[in-house]
Amino acid sequence: MQKTCKGDSYALFRGEEMFSYLSEKCVPVIKKRTMVTILPTRKLKNARRMRSKGRQPYVPKAILEKRAKESYYSLLIPSEKDISPFITVVRDARNDVIRITMVNMAIYECYLFALGLPANFPSEQIIVHGHDRARYIPCRTCQYCEKLLFDYELTVPSGTGLEAYQQQVLNDLNMHFQLDVKVENLSVVKDSRRVFTTAGESVELIWEELPMLIIKAKAAVEKNQELILEKN
């Protein structure tokens with residue numbers, strides 16, 4: 001779980017039982033130059049923040065129909081309704097549970113929440129191995145996008161802490177999608193500049209440490225581990 005330098009805006013507080021996921025968190029930097037690439041600077045649109053006092057948040061009918069009778073459960077189903085994506089965390093006092101609901105989310109967006117990353121984490125800082133990138137980071141204006149969006153819901157005991165239920169979400173996502181997902185801090189080439197010396201002209205690379213979300217299919221991870229064992 002990534003430690004951050006700012007507070008979590010989606011923690012539950014007394015008197016305010018429901019709100020959507022929105023985080024402006026910083027990720028620590030590890031000095032390690034392992035990758036060279038040039039990244040554009042485009043960022044995703046900020047997540048929409050909603051607050052609710054005295055009313056229940058909207059939940060798609062498909063989720064309501066799939067909810068288990070047991071107090072604690074998790075479910076993940078394809079999205080059926082074309083609405084803006086959102087995440088809510090609700091304290092259900094009647095059932096003494098916390099209910100985390102994600103609606104109309106791309107796979108990578110679910111992982112951002114599970115790993116404690118901000119909702120506007122740049123898509124250019126996501127590396128996908130083993131599958132088509134569009135499967136995890138779909139274009140929301142493309143026709144095929146609706147087949148790559150999901151609804152997810154998890155209930156946990158009301159005393160469960162933030163990091164604990166985020167870890168449960170991460171475990172569920174990894175199991176369902178058969179992925180191995182983590183955050184690594186990598187050195188990337190952000191820019192370059194011309195340098196003139198007595199020996200002539202050269203190019204100096206400007207490096208920057210950035211957190212990168214690494215998505216790997218478990219089959220690819222297992223194959224890589226087998227190759228490492230064979231070499232040893």
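A. Spotlight on the overall build of the protein. Per the secondary structure count, the protein includes 5 helices and 9 strands. Secondary structure of the protein in N-to-C order comes out as β-β-α-β-β-β-α-β-α-β-α-β-β-α. Expressed as a percentage of the 232 residues in the protein, the buried residues total 44%. Residue pairs at least 24 apart in sequence account for 71% of intrachain contacts in the protein once pairs closer than 6 positions are excluded. Accessible area of the protein: about 13,700 Å², with a carbon and sulfur share of 50%.

B. Focus on helix H2 (residues 107–114). Of all 8 residues making up H2, 8 are buried, and the element is well covered by its neighbours. Every buried residue of H2 is listed here: Ile-107, Tyr-108, Glu-109, Cys-110, Tyr-111, Leu-112, Phe-113 and Ala-114. Positive backbone phi, approximately 70 degrees, marks Gly-116, located one or two places after H2.

C. Region of the structure containing the pattern of salt bridges. Across all of its chains, the model carries 7 salt bridges by this definition. With its nearest N and O atoms 3.3 Å apart, the salt bridge here joins Asp-92 to Arg-99. Each member of the pair, Asp-92 as well as Arg-99, is classed as buried. Close ionic contact of Glu-204 with Arg-193 constitutes a salt bridge, the shortest N to O distance being 2.8 Å. Here Arg-193 lies in strand E8 (residues 179–197) and Glu-204 lies in strand E9 (residues 200–217), a separation of 11 residues in the sequence. Each of Arg-67, Asp-92, Arg-99 and Glu-153 takes part in salt bridges that share partners, so that together they form one network.

D. Here's a closer look at the confidence of the model for the protein. Here the protein averages 75 in pLDDT, and 70% of its residues register 70 or above. Long-range and interchain partners of residues 1–53, a stretch whose pLDDT sits below 50, account for 134 contacts in this model, where long-range means more than four residues apart.

E. Structural view of the packing of aromatic side chains. In total, this model carries 1 aromatic pair according to the counting rule given. Note on Phe-150 and Phe-177: the rings are 5.1 Å apart at their centroids and 75 degrees apart in plane angle, and the pair reads as edge-to-face. Taken together, the residues span a long stretch of sequence, with Phe-150 in strand E7 (residues 149–157) and Phe-177 in helix H4 (residues 162–177) at a distance of 27 residues. Each member of the pair, Phe-150 as well as Phe-177, carries the same accessibility label: buried.

Rules and cut-offs
Residues numbered from 1 in each chain as written. Predicted model: local features only at pLDDT ≥ 70, side-chain atom pairs only at ≥ 80, totals over all residues. Heavy atoms only, no water. Helix = DSSP H or I, 4+ residues; strand = E, 2+ residues; numbered from the N terminus. Buried < 20%, exposed > 50% of the residue type's maximum accessible area, 1.4 Å probe, protein only. Contact = heavy atoms within 4.5 Å. Areas by Shrake-Rupley, 256 points an atom, 1.4 Å probe, with all protein chains shown as cover. Salt bridge = Lys/Arg side-chain N within 4 Å of Asp/Glu carboxyl O. pLDDT = per-residue confidence, 0-100. Phe/Tyr/Trp six-rings, centres within 6.5 Å; stacked < 30°, edge-to-face > 60°.

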